[in-house]
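Each chain is listed here by its residues.
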Amino acid sequence: MNESNYIKLEFPSRSSNEGFARSAAAAFAAQLDPTMEELGDIRTAVSEAVTNAIVHAYPDTIGRVSMRLRILSGGTLEISVRDWGRGIENVSQAMEPLYSTGGEDRSGMGFTIMGSFMDKLRVRSTPGKGTVVVMQKYISPRLSQR
């Protein structure tokens, strides 16, 4: 798939940056003229991915998080969220609903939520080196664009 536009952001893994990442993703996605529901899906998925990086990748320190958004051919938005933190020992297990390493206050639903709001979800991780979450959402053209 060819990309027609992209942005890349990098920020410290502070919880205050989660809202910025969510808003930046929605603003970038706006060029595809998504519905309010689609924008809400994008915001929610980005919020979960960035929060996972903040909480799980860097539980005791501040690290860096990178977010890249691309507009691919055919109206597909691709969002990659990357960290260089602890990594995930068992990605399949981590993607199971209700599984969490974040303590009692974490729901363990982050990957489940990302997968339900996006059309594709891929997670790659290496213990001690970090994690990359790649999500795609197809934004169908509105009648005015057809």
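Residues numbered from 1 in each chain as written. Predicted model: local features only at pLDDT ≥ 70, side-chain atom pairs only at ≥ 80, totals over all residues. Heavy atoms only, no water.

Bringing the environment of N90 into the picture now. Examined against the element boundaries, N90 turns out to sit in the loop between β3 (76-83) and α3 (91-94). Here N90 falls in the partly exposed class, since its relative accessible area comes to 38%. Put simply, N90 and T126 are 36 residues apart on the chain and 9.3 Å apart in space, counted from C-alpha to C-alpha. (Helix = DSSP H or I, 4+ residues; strand = E, 2+ residues; numbered from the N terminus. Buried < 20%, exposed > 50% of the residue type's maximum accessible area, 1.4 Å probe, protein only.)

With that settled, consider the nonpolar core. The biggest cluster of nonpolar side chains holds 35 residues, and the ones touching the most others in it are I42, V46, M67, L77, I79 and M135. Looking at this core, the elements that each hand over two or more residues are α1 (16-29), α2 (36-57), β2 (64-72), β3, α3, α4 (110-117) and β5 (130-138). It is α2 that provides the largest number of residues to this core, a total of nine residues. Filtering out sequence-adjacent residues up to four positions away, I79 remains in contact with I42, V46, M67, R68, L69, M118, V133, V134 and M135. (Core = buried A, V, L, I, M, F, W, Y, C linked by side-chain atoms within 4.5 Å. Contact = heavy atoms within 4.5 Å.)

Moving on to unusual backbone geometry. Among all residues except glycine, the phi angle is most often negative; among peptide bonds, the trans geometry is most common. Despite not being glycine, D33 shows a phi value in the positive range, around 55°. Its place among the elements puts D33 in the loop between α1 and α2.

Attention now goes to α4. Taken residue by residue, α4 has G110, F111 and M114 as its buried positions. Angularly, the buried residues of α4 cover 95° about the axis, an arc narrow enough to put them on a single face. (Arc of directions from axis to C-beta.)

We now examine the pattern of salt bridges. Counted by the stated rule, this structure contains four salt bridges. E10 is paired through a salt bridge with R64; the nearest N and O atoms lie 3.3 Å apart. In this pair, E10 sits in strand β1 (residues 3-12) while R64 sits in strand β2, placing the two residues 54 residues apart along the sequence. Using a relative accessible area of 39% as the deciding quantity, one classes R64 as partly exposed. The partner of R22 in a salt bridge is E18, and the shortest N-O contact between them spans 2.5 Å. Placement of both R22 and E18 in helix α1 is noted, with a separation of four residues, approximately one turn of the helix. The exposure class of E18 is buried, given its relative accessible area of 13%. (Salt bridge = Lys/Arg side-chain N within 4 Å of Asp/Glu carboxyl O.)

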